[in-house]
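# Report on the structure
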Amino acid sequence: MRCLLFLFCLFFPFLALAQEVDEAWLALGHYQNGISSIDSPNFFLSKNGKNDAQAELKATIELFKGYDTAKQCVLPARYLYLKKRGLVTKKFPKCEEYEQFKADLQPKDVTLLFTDAYMNNPSSMFGHTLLRIDTKRKGTQMLAHGANYGAFTGEEAGAAYALKGLFGLYFGGFTVKPYYDIINTYNNIENRDIWELTLNFSDEELDYMVAHLWEIGQTQSRYYFFSRNCSYMLMEMFDAVRPKLKLAQQFDKWVIPLDTFKAVARKEGLIKEINYRPSRQNKIKHRYKMMTDQQRKIYKKAIKSKDYKLGDELPMAQKADVWETAYQFVQYQWVAKNLELGDYRKQSFDILRSRSGFKDKGSIAELVNGKNPIQAHNSKRIVIGAGKKNGELFQKFELRPAYQSLTDNDYGLIKGAQINFLNQEWRYYDERDKLVLQEFDVLNIRSISPIDAMFHPTSFQLDLNVKRWQNPISEREHYISNFMIGGGGAVDVSDNLRLFAFGNNHLGYGGSLPHNGYAALSANIGALMSLGDWRALLEIEPQIASQKLFNQISYKGELNYIITTNWSVALSGELVDTIGKNAQEYSLGVRWYF
């Protein structure tokens, strides 16, 4: 009996230690499938800590039994974890930098922010997620701090950033800075609406999150645009604070910011409230839309001539609305760096002086409601359908991992924005009894942004694909790699009709082509229409190429009927006239978003 008691006392500490590698420890170390997503060696105390959570726990216990306060001060969340489980009894050392960090943040609430797509940058068309840490200090919300995970790209942006991000050629990390800087970047300059989810974290969880943010704020991880990105690392952060959420486990392959935002919103008991913060540009557009024709005429004349004494023929309340909108527009121009300081001050003063004599404040209510992206369709899409190409029947299957097409339901998303990633279409031809890969889109982006009296965005499009092409002379099919990039403009004729035009550059490569490739110039004009649950796209594109086989005019059409948020039926067709020979096809397919 004494022998058994001796053996129990000898081995109990090791048994207890093994039991302590629980889901909370794994979440705190960002372990997924036994490997931590943190890549910085300084995050780990054990030499095998990245791949061995047990060894890392043992090394952490040993650290807090010792006197290396410099290392202890870097890992306050680990200390809280150990203390809660009785695995450490010593007090946490005095750490001036960490204490200052806590004093700066003083968390009262934490809010997950989703900023919608930024149309002028291909790398930002998926949107973005970040945190706002609301403070207990008295004052406005602008005293809060923002915590953002992003790639350290230097001066690179746009397409270079997107391509490098695909292959993990950047490191990413968390940064914490004043919230007004975040708002200035996303809400004012880049003209993004922001949706806010205030999380239902307890005071203990808030303190734990700040401690963990201090820990991982000194580390880096490989940044992958579609997997280990801004949104995924926030899911791991939330799991570290509340391990039972298991948010990161829902995103083992593709991570789209909007998908993570939806996942958080749908977690029972996690959300306290939802708020909408419209961009400065959308506020101005809303006010302009609510004006009468006479108000718009005076407003456009005023911002063009910078004469803010116009409008005597308007009633006082309408005049007040015009000058309030003009003032917001001048503020926007200053934030967007379209005005010099002297010009900004003069225009602002002139407007305020004209407006100061008004007794009426105006009747236009500010924009407070938006289309909630939580209610948008799911990002993945499958299409099953059938069609006919040059008289030959086929069945088709399409799979698109992400994210949005021009004729998809755009509720909660940006109208005129398209980004298709790794979209593939397979066809089975009945007469030939043959299954073929018809098209593989590596990346397809279209940004059709309307120009109006106030704003003049540039529309652009980019396409990189491998496509099955039919030689118009021999009628044999071959695979060709294609790259296209173009720029242009768009205008809204009405709320339901947008017209656009592009000039495009094309490059193609294929072993079956003369000289193995071609170059071409094209111009396409089109119309994007919506009416109730119907979406339609019509396009015409003439093309001149270095190879006569690609001198052509193409006519395309697409009509989609939205049944529910995640189901629709689409009819599409295309006619291509090449050196006097026509190729035509049409198909009908059911779209499922999942």
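Residues numbered from 1 in each chain as written. Predicted model: local features only at pLDDT ≥ 70, side-chain atom pairs only at ≥ 80, totals over all residues. Heavy atoms only, no water.

A few words now on the overall build of the chain. Within the chain, the regular secondary structure consists of 15 helices and 22 strands. Principal-axis analysis of the C-alpha atoms gives the chain an extent of 100 × 80 × 40 Å. Excluding contacts between residues fewer than 6 apart, the proportion of contacts in the chain whose partners are at least 24 apart in sequence is 61%. (Helix = DSSP H or I, 4+ residues; strand = E, 2+ residues; numbered from the N terminus. Contact = heavy atoms within 4.5 Å.)

Our next topic: the packing of aromatic side chains. Here the structure, examined in full by the defined rule, presents 33 aromatic pairs. Ring centres 5.9 Å apart and planes at 80° place the aromatic pair Phe 226 and Trp 254 in the edge-to-face group. Of this pair, Phe 226 sits in the loop between β8 (221–223) and α10 (230–241) while Trp 254 sits in the loop between α10 and α11 (257–265), placing them 28 residues apart in sequence. Residue classification places Phe 226 among the buried residues on the basis of a relative accessible area of 7%. Residue classification places Trp 254 among the partly exposed residues on the basis of a relative accessible area of 27%. In textbook terms, an aromatic cluster arises when at least three aromatic residues are bridged by ring pairs, as seen for Phe 64, Tyr 79, Phe 92, Tyr 98, Phe 101 and Trp 214. Residue placement shows Arg 132 over the ring face of Tyr 179; its charged tip is 5.1 Å from the ring centre. The ring centre of Phe 394 lies 4.1 Å from the NZ or CZ of Arg 427, which sits over that ring. (Phe/Tyr/Trp six-rings, centres within 6.5 Å; stacked < 30°, edge-to-face > 60°. Buried < 20%, exposed > 50% of the residue type's maximum accessible area, 1.4 Å probe, protein only. Lys NZ or Arg CZ within 6 Å of the ring centre and 35° of its normal.)

Before going further, it helps to spend a moment on the environment of Ile 480. In this structure, Ile 480 sits in strand β16 (residues 477–494). Judged by relative accessible area, which is 2%, Ile 480 ranks as buried. Considering only alpha carbons, one finds Ile 480 and Asn 516, 36 residues apart in sequence, at a separation of 9.5 Å. Apart from the residues within four sequence positions on either side, Ile 480 is in contact with Asn 465, Val 466, Lys 467, Trp 469, Gly 508, Tyr 509, Leu 513, Tyr 518 and Phe 550.

Across the sheet, which stays open at both edges, the seven strands sit in the order β8-β6-β5-β4-β3-β7-β9 with antiparallel pairing between neighbours. The outermost strands of the open sheet, each flanked by one partner alone, are β8 and β9 (271–277). Sheet twist, expressed as the average angle between the axes of neighbouring strands with direction ignored, equals 30°. Sheet topology note: the strand β3 (residues 107–115)/strand β7 (residues 194–199) ladder contains five bridges and is antiparallel. In the sheet register, Leu 112 faces β7, and the bridge partner there is Leu 197. Helix α9 (residues 203–216) contacts β3, β4 (128–135), β5 (145–151) and β6 (170–178) of the sheet and is inclined by roughly 60° relative to β3. Most of the contacts of α11 go to β3, to which it runs at about 140°, and overall it touches β3, β4, β7 and β9. (Pairing = 2+ DSSP bridges. Axes fitted to C-alpha atoms, helices over the stretch in contact; angles between N-to-C directions.)

Another aspect to go through is the side chain of Ser 530. The topology assignment puts Ser 530 in strand β18 (residues 517–531). If we skip the residues at most four places from it in the chain, Ser 530 touches Lys 415, Asp 495, Asn 496 and Arg 535.

In this structure the tally under the stated criterion is 37 salt bridges. In this structure, Arg 78 engages Glu 56 in a salt bridge whose closest nitrogen and oxygen atoms are separated by 2.6 Å. In this pair, Arg 78 sits in helix α5 (residues 76–84) while Glu 56 sits in helix α3 (residues 53–65), placing the two residues 22 residues apart along the sequence. The exposure classification of Arg 78 matches that of Glu 56, with both residues buried. Close ionic contact of Lys 102 with Glu 99 constitutes a salt bridge, the shortest N to O distance being 3.7 Å. Of the two residues, Lys 102 and Glu 99 both sit in helix α6 (residues 96–105), three residues apart, roughly one turn of that helix. Beyond isolated ion pairs, a larger network of salt bridges with shared partners links Arg 381, Lys 396, Glu 398, Arg 400, Asp 408, Glu 558 and Arg 591. (Salt bridge = Lys/Arg side-chain N within 4 Å of Asp/Glu carboxyl O.)

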